[in-house]
Amino acid sequence: MPVSSLGTSDRMTKEVVIVGAGPAGLILARDLARRGVYATVYDGKNRVSDGAAKASGIFSKKGLDTIGIDFSGAKVNELSGAIVHGGGESIAIDADVTKAYVLDRGRFAETLAKEAVSEGAKLELARRIDKERLMDLASDKDIILVGADGAVSTVANAFGFPPVKEYILTYKAEYDHADIDRSDRVRLFFNNRIAKRFFGWTVPYSKSKIEIGIGISSLSNKNSAAAFNDFIRMKEIDGAIGNAVRTVGYASIIPLTTRKRTVSGNVLLVGDAAGQVKATTGGGVIFGSACAMVAARCIAKHVFEGKPIAEYEHEWRRQYNLDLELHRMVHRYYSSLGNRSLAVLIRWAKLAHADRFLGRYGDMDSPYLMFKRLFLRNLIQ
Ligand SMILES: Cc1cc2nc3c(=O)[nH]c(=O)nc-3n(C[C@H](O)[C@H](O)[C@H](O)COP(=O)(O)OP(=O)(O)OC[C@H]3O[C@@H](n4cnc5c(N)ncnc54)[C@H](O)[C@@H]3O)c2cc1C
């Protein structure tokens, strides 16, 4: 039972159905279309930008180059530094070049959708796919079903994929009329009492507009809105808000661990549905999209060369699991520290001039590359 009138090539008998028009689903559809595999993306939303502002939009320059999107229409701000706070201490890390961009997530989503459609993918909005329909689709062996349906994945649940073991519950709000001295720096606040197993943040959009947010582990017994209220009462945050006016606020969720399996028969998971997220920061767009590009390559090889679709599992783990695992290790370490230990760590980092090293060699996405640079630098000295 075909779900769409796909523009299949003569050699193609398979249909690809992607559930979810977030970054992972749209990049997958774009890359499949470029490889001559035309897919249909279904999403329950009326517009791809709906709800996009629930998440922040900080992306490394290098990561955006990897996924190859013209993001200029979505750019809000440029970032070159960060101040990390913990246990009453702080350390500033500054680079002399732009390291990351803040993008408007709604406009970014529209850009991704436009590109996927212009390459030939089909996008069906206001079409939520329920469990029964998913079962029906997957029973057709000519259909490849991809769950790109986010952190709480219906596809993963419907087909019994292993669970995500920990989530981060988030709350972010935006403020106008703020008075920000450095609009090129994010600030991160580690405090295991208020932001259990994660952190709070401020992201400047401009000199007068700021985002303030917090994440807490699903293993804590608090909700993120309550944690946010505690967070904005902290001295440093209260000072940063000043007379600024809150405009919007949203709660959301980030998966913190990767699922143990992401392929089952003709069903695949990508992006947040698979847990392809940096556990240190919760950033999932670059890794999720990079894994979606791997999925597109593997699906095309399956369709045109008969290669097993399970190659996707092997390939994305080969390319990205080391970095994702390093992010998890760093997360496990910082989330185990109480406020006194955080203060000692920051004091030690300052003595060791970690700020200079991170400003120069810091890599938001790849701890592996960063550790490699550290190792090589020590070897040369
Ligand atoms: C507060 C916060 C801040 C963040 N900050 C950053 C950041 O700065 N940088 C970064 O890289 N990442 C960030 N992230 C994470 C990032 O937003 C996600 O990793 C990314 O959006 C995941 O993309 P995705 O395509 O896998 O899933 P999603 O973006 O969640 O898209 C899934 C889509 O599937 C649709 N869907 C779900 N179920 C169904 C169904 N049954 N039928 C049809 N459609 C369905 C949904 O409507 C949705 O559109 C942040 C997240 C949060 C919550």
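Parameters and conventions
- Residues numbered from 1 in each chain as written.
- Predicted model: local features only at pLDDT ≥ 70, side-chain atom pairs only at ≥ 80, totals over all residues.
- Heavy atoms only, no water.
- Helix = DSSP H or I, 4+ residues; strand = E, 2+ residues; numbered from the N terminus.
- Rg over C-alpha atoms; globule rule 2.2 N^0.38 Å.
- Buried < 20%, exposed > 50% of the residue type's maximum accessible area, 1.4 Å probe, protein only.
- Contact = heavy atoms within 4.5 Å.
- Areas by Shrake-Rupley, 256 points an atom, 1.4 Å probe, with all protein chains shown as cover.
- Polar contact = N/O pair within 3.5 Å; in protein donor to acceptor, adjacent residues only side chain to side chain.
- Pairing = 2+ DSSP bridges.
- Axes fitted to C-alpha atoms, helices over the stretch in contact; angles between N-to-C directions.
- Salt bridge = Lys/Arg side-chain N within 4 Å of Asp/Glu carboxyl O.
- Near = heavy atom within 4 Å.
- Nonpolar A, V, L, I, M, F, W, Y, C, P; charged D, E, K, R; others polar.
- Left-handed = near helix turned anticlockwise from the far one by under 90°.
- Phe/Tyr/Trp six-rings, centres within 6.5 Å; stacked < 30°, edge-to-face > 60°.
- 1 Å grid on protein atoms, 1.4 Å probe; cavity = no way out; pocket = protein on both sides within 12 Å on 5 of 7 lines; lining within 4 Å.
- Points joined across faces, edges and corners; volume = space filled by probe spheres on them.

**Re the overall build of the protein**
And then number 1: Counting its secondary structure elements, the protein contains 12 helices and 16 strands.
And then number 2: Its C-alpha atoms give the protein a radius of gyration of 21 Å, near enough to 21 Å, the size a compact globule of 381 residues would have.
And then number 3: Considered along the principal axes of its C-alpha atoms, the protein spans approximately 65 × 50 × 40 Å.
And then number 4: Counting only residues that meet the buried cut, the protein has 53% of its 381 residues in that class.
And then number 5: Residue pairs in contact within the protein that sit at least 24 positions apart in sequence constitute 74% of those at least 6 positions apart.
And then number 6: Working note: accessible area of the protein is about 17,200 Å², and carbon and sulfur atoms make up 53% of it.

**Quick look at the side chain of Asp31**
And then number 1: Mapped onto the secondary structure, Asp31 falls in helix H1 (residues 23-34).
And then number 2: Side chain to side chain, Asp31 and Arg30 meet in a polar contact 2.8 Å long.
And then number 3: When neighbours within four sequence positions are excluded, Asp31 is seen to be in contact with Met293 and Ala296.

**Comments concerning the sheet that holds strand E13 (residues 210-217)**
And then number 1: Taking strand neighbours across the sheet as the criterion, the 7 strands line up as E6-E5-E11-E12-E13-E10-E14 in an open arrangement whose pairing is mixed. The open sheet terminates on both sides in strands that have one partner only, identified here as strand E6 (89-94) and strand E14 (245-255). In this sheet, neighbouring strand axes are inclined to one another by 15° on average, regardless of whether the strands run parallel or antiparallel.
And then number 2: Alignment of strand E12 (residues 200-204) against E13, held across 5 bridges, turns out to be antiparallel. Residue pairing for E13: Pro204 is matched across the bridge by Ile210.
And then number 3: Packed on one face of the sheet, helix H6 (residues 224-232) meets strand E10 (167-176), strand E11 (185-190), E12, E13 and E14 and runs near 125° to E13.

**Re the pattern of salt bridges**
And then number 1: With the rule as written, the count across this model stands at 28 salt bridges.
And then number 2: One salt bridge in this structure joins Glu115 and Arg34, with 3.1 Å as the shortest N-O distance. Taken as a pair, Glu115 in helix H3 (residues 105-119) and Arg34 in helix H1 lie far apart in primary sequence, 81 residues in all.
And then number 3: A residue is classified by how much of its surface remains accessible, and Arg34, at 44% relative accessible area, is partly exposed.
And then number 4: Linking Arg185 and Asp94 is a salt bridge whose minimum nitrogen-to-oxygen distance equals 2.5 Å. Of this pair, Arg185 sits in strand E11 while Asp94 sits in strand E6, and the two are 91 residues apart along the sequence.

**Focus on the site of the ligand**
And then number 1: Inspection of the region around the ligand gives 33 residues, with Ala24, Asp43, Ile58, Ile129 and Asp272 positioned closest.
And then number 2: The separation between an oxygen atom of the ligand and a polar main-chain atom of Pro23 is 3.2 Å.
And then number 3: Within the side chain of Lys45, one N or O atom sits 3.0 Å away from an oxygen atom of the ligand.
And then number 4: Relative to its free-state accessible area of 1,000 Å², the ligand is covered by the protein chains to the extent of 88%.
And then number 5: Listed by contribution, the elements that provide at least two residues to the shell around the ligand are H1, strand E3 (58-60) and E14.
And then number 6: When the residues that make up the shell around the ligand are grouped by side-chain class, the tally is 12 nonpolar, 13 polar and 8 charged.

**Thoughts on the packing of H1 against helix H8 (residues 285-305)**
And then number 1: As a packed pair, H1 and H8 sit with axes 8 Å apart at the nearest point and diverge in direction by 35°. For the crossing formed where H1 meets H8, the hand is right-handed. Facing H1, whose interface residues are Pro23, Ala24, Ile27, Leu28, Arg30, Asp31 and Leu32, H8 presents Val285, Gly288, Ser289, Ala292, Met293, Ala295, Ala296 and Ile299.
And then number 2: Across the contact of H1 with H8, the residue classes tally to 11 nonpolar, 2 polar and 2 charged.

**A few points about the packing of aromatic side chains**
Each aromatic ring pair is specified by the distance between its two centres and by the angle formed by the two planes.
And then number 1: For the structure shown, the criterion picks out 9 aromatic pairs.
And then number 2: Aromatic pair Phe189 and Phe231: ring centres 5.6 Å apart, planes at 70°, arrangement edge-to-face. Placement of the pair is Phe189 in strand E11 and Phe231 in helix H6, with a sequence separation of 42 residues.
And then number 3: Seen in terms of ring centroids, Phe190 and Phe199 are 5.3 Å apart; in terms of plane orientation they differ by 45°. Their pairing is tilted.
And then number 4: For Phe190, a relative accessible area of 15% corresponds to the buried category.
And then number 5: An aromatic cluster of at least three residues, connected via ring pairs, comprises Phe190, Phe198, Phe199, Trp201 and Tyr334.

**As for the layout of surface pockets**
And then number 1: A volume near 260 Å³ is recorded for the second largest pocket.
And then number 2: Forming the boundary of the second largest pocket are 16 residues, of which Asp179, Ile180, Asp181, Arg187 and Ala240 lie nearest the centre.
And then number 3: Listed by contribution, the elements that provide at least two residues to the lining of the second largest pocket are E11, E12 and helix H7 (235-241).
And then number 4: Split into classes, the residues belonging to the lining of the second largest pocket amount to 6 nonpolar, 5 polar and 5 charged.

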